[in-house]
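# What the coordinates show
The residues making up each chain are set out below.
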Amino acid sequence: MRKIVLILFVIPIMAFSQNITKINTTIDEAKVFLNGAQITRIGNLTLSKGDNKIMITNLPDDLDPKTVTVKGQGDFIIQTVNTSINYLSNYENDPKYQVLKDSLKLLKNKLDQNNAYLQVYADEEAMIKANKTIGGTQNGTNVTELIKAADFFHNRLLEIKTKSLELSYQNRDLQLIIDKIQNQLYEYENIAKRPVGEILINIYADKATTGKLNVTYFTNYASWIPSYDIRFTDLNKPLTLLLKGEITQLTGENWQNTKIILSSSNPTISQQKPQLFPWYLSVYNPQRYLGRGNIEQTTTGVILMEDKDYEYTKSPAPTMMATSSETPISMEYTLEARIDVPTYQEKLVNIQSYEMPAKYLYYTAPKVDPDAFLIANIYDWGKNYFLNGEANIYYENSFVGTTNISSYQVEDTMQISLGRDKSVIVKRDVIKDSTSKQIIGSKVKYNRAFEMTVRNNKKYPIEIIIEDQLPISQQKEIEVTDIEVGNGKIDPDTKIVTWRYTIQPNATVKTTIKYVVKSPKELNLAL
């Protein structure tokens, strides 16, 4: 009776499994977002008359039913679509997996056989060396026997050594192949053992027919990161800006010959409109921060004078490696060619190349950094769509550093820091004769004076902005007076002083900043 119950229990499951037809589908298109991707798969159908259960398997295990869309082409009706996660893998029955396992077994058997021969040769060599005595201890050995024995030892030991060496070489090569197959099996099992998403589709057909399925779903296991290459060769020529995309997908399936669309949208963040709440003020102390690429920046940035007399040419159309289209909420780039994107690897693609007319100038703030930075000012940049990203800087095909492209700028001019230039020498020295500390009654008077020196060692003139700053008093007992900045301009809010010069080749300019601070002597000021 127990056997009968077991048989009755198994038969319905087998019958149900046999009614399900698994079909092979391929990835036709992947729309990759900054986080996540929308995958479109296509497959062919062969349907019988009546109800058909079609299963698509080996999908990402984060399959969300709300994102699944199934469309059909043919004379049939899609009735229901259900999704599930399968945690039971039958990868051991995969012919590819069996070939790898069988190959590994044969190679290991050959390696064991070679090791057995090596052990026999080693034992034989030890036996020969242990029986070197020829003749007895009483009778001695004649010359003929000695020669025969010497020839035997020589020839046999040489043969043993030669064969042992050949087997050692074989073993080395066998071990390399075994390691590669084991690594391949390890990667295969890691992928094969993972849970997989499955889509079960109920289809009704009035008659036996064929058709096609188009299945779309969203996965979190893919993303892309925008980045740039900035190249320039001469300060009188435009710079070239190349937009690139680094695609990463961890779906466990290689995307082969796939149409790729890169979107600037991020569907993983909330799409709910924001809401304002009461704003309560608190104390904030501004701090210097380091930008990526170890280029020190300040919260104030670079303050430029007006360039009303500067005439620039309009940017030419970008060189397209992808077709761009703007939607109401994002920009999309469709790569011109289908590509392969391996799983668990990064794929770098070129998207667009821009030739950007720019005006170059130098910037230095020697109080915080003794170097001069080359700045490119790109005018009318808003006509092109830029994404936030890190940029590699190349001068005449030589890598010089990294900077950042920010799309959050609201000015008509985009500023890009192109890095440090050691041929522009900057110094900031204390003017000792004008620097002192005096106690006058209950007050302390601090006299401060600094001289900035900039030398242009280049073969052509440069334009440079020099910045320094005056202290700001937050207490009425502390006064800042007797300010001297020459032809510098003082920002009334930040008290940052800006000078702008054109320096001829091999020429030097100097500028000074002087001020006096008075405070009660019981206060210790950091000056």
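Residues numbered from 1 in each chain as written. Predicted model: local features only at pLDDT ≥ 70, side-chain atom pairs only at ≥ 80, totals over all residues. Heavy atoms only, no water.

## Re the overall build of the protein
To be explicit about the condition: Numbered from the N terminus, helices here are DSSP runs of H or I no shorter than four residues, and strands are runs of E no shorter than two. For each residue, the accessible area found with a 1.4 Å probe, counting protein chains only, is set against the maximum for its type, and the residue is called buried under 20%, exposed over 50%, and partly exposed in between. Accessible surface is estimated by sampling points in the Shrake-Rupley manner with a 1.4 Å probe; for residues, cover comes only from the protein chains shown.
The helix and strand inventory of the protein stands at three helices and 31 strands. Looking at the 527 residues of the protein, the share that counts as buried comes to 38%. Accessible area of the protein: about 32,700 Å², with a carbon and sulfur share of 52%.

## Points about the side chain of Thr216
Put simply, the rule is: Each polar contact in these results corresponds to two N or O atoms within 3.5 Å; when the atoms are within protein, one needs to be able to donate a hydrogen and the other to accept it, and residues that are neighboring in sequence are counted only if both atoms are side-chain atoms. Contacts are assigned to residue pairs with any non-hydrogen atoms lying within 4.5 Å of each other.
Take Thr216: it is sitting in strand β8 (residues 209-219). Here Thr216 falls in the buried class, since its relative accessible area comes to 14%. A distance of 3.5 Å separates polar atoms of two side chains, one belonging to Thr216 and the other to Thr40. Not counting chain neighbours up to four residues away, the residues in contact with Thr216 comprise Gln38, Ile39, Thr40, Thr67, Val68 and Thr69.

## Considering the pairing of strand β16 (residues 331-335)
As a reminder of what qualifies: Two strands are counted as paired when DSSP detects at least two bridges linking them.
With respect to burial, β16 is a largely interior element, five of its five residues being buried. Here β16 shows two buried faces, one formed by Met331, Tyr333 and Leu335 and the other by Glu332 and Thr334. In terms of strand pairing, strand β15 (residues 322-326) meets β16 through five bridges, oriented antiparallel. From the neighbouring strand, Ser325 faces β16, where its bridge partner is Glu332. Linkage of β15 to β16, two consecutive antiparallel strands, is achieved through a turn of four residues.

## Remarks on the sheet that holds strand β19 (residues 358-364)
Spatially, the six strands line up as an open sheet ordered β23-β20-β19-β27-β30-β29, and their pairing is mixed. The outermost strands of the open sheet, each flanked by one partner alone, are β23 (413-421) and β29 (489-490). Sheet topology note: the β29/strand β30 (residues 496-503) ladder contains two bridges and is antiparallel. Across the sheet, the residue bridging to Ile490 is Val497, located in β30.

## Describing helix α2 (residues 95-130)
Where we set the bar: Here the expected span of a helix is defined as 1.5 Å times the quantity of residues minus one.
Over its 36 residues, α2 runs 53 Å from end to end, which matches the ideal 52 Å to within 8%, given 1.5 Å per residue. Where α2 is concerned, the buried positions are Tyr97, Leu100, Leu104, Leu107, Leu111, Asn114, Tyr121, Glu125 and Ile128.

## Re the environment of Glu189
Its location among the elements puts Glu189 in helix α3 (residues 143-192). Considering only alpha carbons, one finds Glu189 and Glu92, 97 residues apart in sequence, at a separation of 9.1 Å.

## Comments concerning the packing of aromatic side chains
Defined as follows: Note on aromatic contacts: the rings of Phe and Tyr and the six-membered ring of Trp form a pair at centre separations within 6.5 Å, being stacked when their planes are under 30 degrees apart, edge-to-face when over 60 apart, and tilted otherwise.
Going through the model one piece at a time under the given rule, you end up with six aromatic pairs. For the ring pair Phe232 and Tyr360, a centre distance of 6.1 Å and an interplane angle of 35 degrees mean the geometry is tilted. Placement of Phe232 in strand β9 (residues 222-232) and of Tyr360 in strand β19 is noted, with a sequence separation of 128 residues between them. Comparing Phe232 with Tyr360 shows no difference in burial state: the two are buried. Look at Phe232 and Tyr395: their rings are 5.1 Å apart centre to centre, the planes differ by 45 degrees, and that puts the pair in the tilted class. Remark: Tyr395 occurs in strand β21 (residues 389-395) and Phe232 occurs in strand β9; sequence separation between them is 163 residues. Under the relative-accessibility criterion, Tyr395 is labelled partly exposed at 32%. A connected cluster of aromatic rings, assembled from ring pairs, spans Tyr228, Tyr354 and Phe386.

## Here's the deal with the pattern of salt bridges
Rules: By convention in these notes, a salt bridge is any Lys or Arg side-chain nitrogen within 4 Å of a carboxyl oxygen on Asp or Glu.
In total, this model carries 19 salt bridges according to the counting rule given. Arg500 is paired through a salt bridge with Glu463; the nearest N and O atoms lie 2.5 Å apart. Here Arg500 is found in strand β30, whereas its partner Glu463 is found in strand β27 (residues 462-469), with 37 residues between them in sequence. Bridged by salt links that share partners, the residues Glu124, Arg156, Glu159 and Lys163 form one connected network.

## Re the sheet that holds strand β6 (residues 77-86)
What counts, and what does not: Between N-to-C directions, angles span 0 to 180 degrees; the directions come from axes that are lines fitted to C-alpha atoms, helices contributing only their stretch in contact.
In space, the four strands of this open sheet follow the order β1-β4-β7-β6, with mixed pairing throughout. A strand with exactly one partner marks an edge of an open sheet, and here the two such strands are β1 (20-22) and β6. Across this sheet, the average inter-strand angle for adjacent strands is 25 degrees, counted without regard to direction. With eight bridges connecting them, strand β4 (residues 50-59) and strand β7 (residues 196-205) associate as antiparallel partners. Bridging across to β7, Ile56 finds its partner in Ile199.

## Remarks on a nonpolar patch on the surface
Our working rule: Within this analysis, patches are made of residues with over 30% relative accessible area and no salt bridge. Like charges are joined at 9 Å or less; nonpolar side chains (Val, Leu, Ile, Met, Phe, Trp, Tyr) at 5 Å or less.
Where nonpolar side chains cluster on the molecular surface, the patch consists of Tyr221, Leu250 and Tyr344 and spans about 280 Å² of accessible area. The residue Tyr344 is located in the loop between β17 (339-341) and β18 (345-356) in this model. Relative accessible area serves as the criterion here: at 44%, Tyr344 is assigned to the partly exposed category.

## Some words on the pairing of β4
In regular strands, side chains alternate between the two faces of the sheet. Among the 10 residues that make up β4, seven are buried, leaving the element largely enclosed by the rest of the structure. Of the strand pairs in this sheet, β1 and β4 are connected by three bridges, and their pairing is parallel. Directly across from Thr21, in β4, lies its bridge partner Ile54.

## Side note on the nonpolar core
Across soluble globular proteins, nonpolar side chains show a tendency to be buried alongside one another. For clarity, the threshold we go by: Here, nonpolar core means buried Ala, Val, Leu, Ile, Met, Phe, Trp, Tyr and Cys residues that are tied together by side-chain atoms lying within 4.5 Å of each other.
The biggest cluster of nonpolar side chains holds 81 residues, and the ones touching the most others in it are Leu239 and Trp255. Excluding residues within four positions of it along the chain, Leu239 makes contact with Ile230, Arg231, Phe232, Tyr354, Glu355, Met356, Ala358, Tyr360, Ala376 and Ile378.

## Concerning the confidence of the model for the protein
Stated precisely, the cut-off is as follows: Per-residue confidence from the prediction method is given by pLDDT, with values spanning 0 to 100.
Residues with a pLDDT of 70 or more make up 84% of the protein, whose mean pLDDT is 83. Ignoring residues within four places in sequence, the model shows residues 1-17, a span with pLDDT below 50, making one contact including any to other chains. Below pLDDT 50 for its whole length, residues 288-315 participates in 58 contacts with residues either more than four positions away or in separate chains.

## A word on the side chain of Thr40
Along the chain, the position of Thr40 falls in strand β3 (residues 37-47). Each residue touching Thr40, except ones within four places of it in the same chain, is listed here: Thr26, Ile27, Asp28, Glu29, Asn214, Val215 and Thr216.

## Quick notes on unusual backbone geometry
A positive phi angle, close to 60 degrees, is found at Asn58, a residue other than glycine. On the secondary structure map, Asn58 appears in strand β4.

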